Amino acid sequence: MAALLKPAVSLASSQFMGQSLKPAAASSSVATTQQYTPLSIRAGSYADELVKTANSIASKGRGILAMDESNATCGKRLASIGLENTEANRQAYRQLLCTAPGLGEYISGAILFEETLYQSTLDGKKFVDCLKEGGIAPGIKVDKGLVPLAGSNDESWCQGLDGLASRSAEYYKQGARFAKWRTVVSIPNGPSELAVQEAAWGLARYAAISQDNGLVPIVEPEILLDGEHGIDRTLAVAEKVWNEVFYFLAKNNVMYEGILLKPSMVTPGAECKDRASPEKVAEYTLNMLKRRVPPAVPGIMFLSGGQSEVEATLNLNAMNQSPNPWHVSFSYARALQNTVLKTWGGNPENVKKAQTSLLIRAKANSLAQLGKYSAEGESEEAKKGMFVAGYTY
Ligand code: 13P
């Protein structure tokens, strides 16, 4: 009977929060909370700030503008509108995005590539300051990209841990308050145990290092859309990947209240004939997340992964039809920028029009975050898919 009356001290849930408890001496017959040493929470001197930053990014009706394409990827986007990949053209495009009036109503954070973090408008105002004045937190892509993973089934791993602590400290000084690390998992190529474990371990080390340096880590194991598999297969892989990610986040004592997640939505593979409605995508995705993600995490900020602008917004809207344990929102690049880029076309006269189309997309996703979006009146351009096999970022 005494055993049944023991106070409930749950080791499992405490460890889950990035806290550590020492078990009572084996000889004790009745465990009480006094027999445990005080909780130690690791996040260090930035703990309060990290929680504040994460919660302000995960705020009602707002999400993230991902504009952190590497120079090579930005070059491909510029080439699609006939522009050369020069620093001046990248600067002009990023200026258009960072200075769109009123963007902060819908956008709470913007992820930048390193070059952009240090760039300014043509009038000499730092992009970081333009964002901050608009109520948008500047973020920074800190990974160094994907390379082949030796010993795997033609899969990849993400580089960037060497020197990450000192780079992160510099980015913080420059104004960044959150970070992004994108690694990928391929379904048609496996995924192998090795690739999933490597992805999860890298994300966890990066998350711990970011928190030590005042940056809220966005944890992004992108499960690529490539493949003919159905939605059930994506669900199984997503559950496995997130299981592994949280296992290693806990082992690295990452404080869950100070992170954000950037998952792929659970959808059928891009080449699967059996398509899924937004309601089905929402049901599968939310089921997966509820099974794997503790409510201590403030925000789930989805990537768009090659879905069309309208599809990504409809799916997000379907996920916000009833309350969730976390803020469920967006961190889109392609699904926020596609129409903007086409409207601009590299012509200075079109800057205002392009900024208006950015606000239209941002507002649509803001409404989807609130569960109030309807696709009525959306343009044909916004309905075009953007899937590219083997897309790199
Ligand atoms: P997409 O929304 O284009 O998939 O971009 C995701 C991403 O990781 C950018 O930060």
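Parameters at a glance
Residues numbered from 1 in each chain as written. Predicted model: local features only at pLDDT ≥ 70, side-chain atom pairs only at ≥ 80, totals over all residues. Heavy atoms only, no water. UniProt positions renumbered as here; feature names shortened; annotations may be inferred. Axes fitted to C-alpha atoms, helices over the stretch in contact; angles between N-to-C directions. Helix = DSSP H or I, 4+ residues; strand = E, 2+ residues; numbered from the N terminus. Parallel < 35°, antiparallel > 145°, perpendicular 65-115°, else oblique. Left-handed = near helix turned anticlockwise from the far one by under 90°. Contact = heavy atoms within 4.5 Å. Nonpolar A, V, L, I, M, F, W, Y, C, P; charged D, E, K, R; others polar. Near = heavy atom within 4 Å. Polar contact = N/O pair within 3.5 Å; in protein donor to acceptor, adjacent residues only side chain to side chain. Areas by Shrake-Rupley, 256 points an atom, 1.4 Å probe, with all protein chains shown as cover. Salt bridge = Lys/Arg side-chain N within 4 Å of Asp/Glu carboxyl O. Buried < 20%, exposed > 50% of the residue type's maximum accessible area, 1.4 Å probe, protein only. pLDDT = per-residue confidence, 0-100. Expected span 1.5 Å × (residues − 1).

For the protein, an unreviewed UniProt entry supplies the name Fructose-bisphosphate aldolase and the organism Adiantum capillus-veneris. The protein has a UniProt comment under Catalytic activity (unreviewed entry) that states "beta-D-fructose 1,6-bisphosphate = D-glyceraldehyde 3-phosphate + dihydroxyacetone phosphate". In its Sequence similarities (unreviewed entry) section, the UniProt record describing the protein reads: "Belongs to the class I fructose-bisphosphate aldolase family."

Student: I'm lost on the packing of helix α10 (residues 278-292) against helix α11 (residues 309-319) in this one. Help?
Tutor: Geometrically, a packed helix pair is captured by the angle between its two axes and the distance between the axes. Where α10 meets α11, the closest approach of the two axes is 8 Å, and the angle between their N-to-C directions is 60 degrees. In terms of orientation, α10 and α11 fall into the oblique class. As α10 runs across α11, the sense of the crossing is right-handed. For the pair α10 and α11, contact is made by Pro278, Glu279, Val281, Ala282, Thr285 and Leu286 and by Leu314, Asn315, Ala318 and Met319, respectively. Residue composition of the contact of α10 with α11, by class: seven nonpolar, two polar and one charged.

Student: Would you explain the site of the ligand in this entry?
Tutor: The immediate surroundings of the ligand are formed by 13 residues, with Lys180, Glu220, Ser304, Gly305 and Arg334 found nearest. Here an oxygen atom of the ligand and a side-chain polar atom of Ser304 are 2.5 Å apart. A distance of 2.7 Å is found between an oxygen atom of the ligand and a side-chain nitrogen or oxygen belonging to Arg334. Across the complex, the protein chains shield 100% of the 310 Å² of accessible surface that the ligand would expose by itself. Residues of the shell around the ligand, tallied by class, amount to five nonpolar, two polar and six charged.

Student: What exactly am I supposed to notice about the pattern of salt bridges here?
Tutor: Opposite charge on two side chains permits pairing when their charged atoms draw close. Enumeration according to the criterion identifies 13 salt bridges in this entry. Glu133 is the salt-bridge partner of Lys125, the closest N and O atoms lying 2.6 Å from each other. For Glu220, the salt bridge goes to Arg182, with nearest N and O atoms at 4.0 Å. One end of the pair, Glu220, is in strand β9 (residues 216-223); the other, Arg182, is in strand β8 (residues 178-185), and 38 residues separate them in sequence. Accessibility classification places Glu220 together with Arg182 in one group, the buried group. Each member of the salt-bridge network shares a partner with another, and the members are Asp68, Lys180, Arg182, Glu220 and Glu222.

Student: Would you explain the confidence of the model for the protein in this entry?
Tutor: Detailed reading of the predicted model is not advised wherever pLDDT is low. Averaged over every residue, the pLDDT of the protein is 90; the share at 70 or more is 88%. Per-residue pLDDT stays below 50 along residues 1-33; that stretch engages in 38 contacts with residues further than four places along the chain or on separate chains.

Student: What should I look at first to understand the environment of Val351 in this one?
Tutor: With respect to the element layout, Val351 can be found in helix α13 (residues 351-369). Judged by its relative accessible area of 24%, Val351 is partly exposed. Placed 259 residues apart in sequence, Val351 and Ala92 show a C-alpha to C-alpha distance of 9.5 Å. Setting aside residues no more than four positions away along its own chain, Val351 makes contact with Leu96 and Trp344.

Student: Which parts of the structure should I look at to understand α10?
Tutor: Because an α-helix completes one turn every 3.6 residues, residues spaced three or four positions apart along the sequence face the same direction. The terminal C-alpha atoms of α10 lie 21 Å apart, and with 15 residues this matches the ideal 21 Å at 1.5 Å per residue to within 8%. Taken together, the buried positions of α10 are occupied by Val281, Ala282, Tyr284, Thr285, Leu286, Met288 and Leu289.

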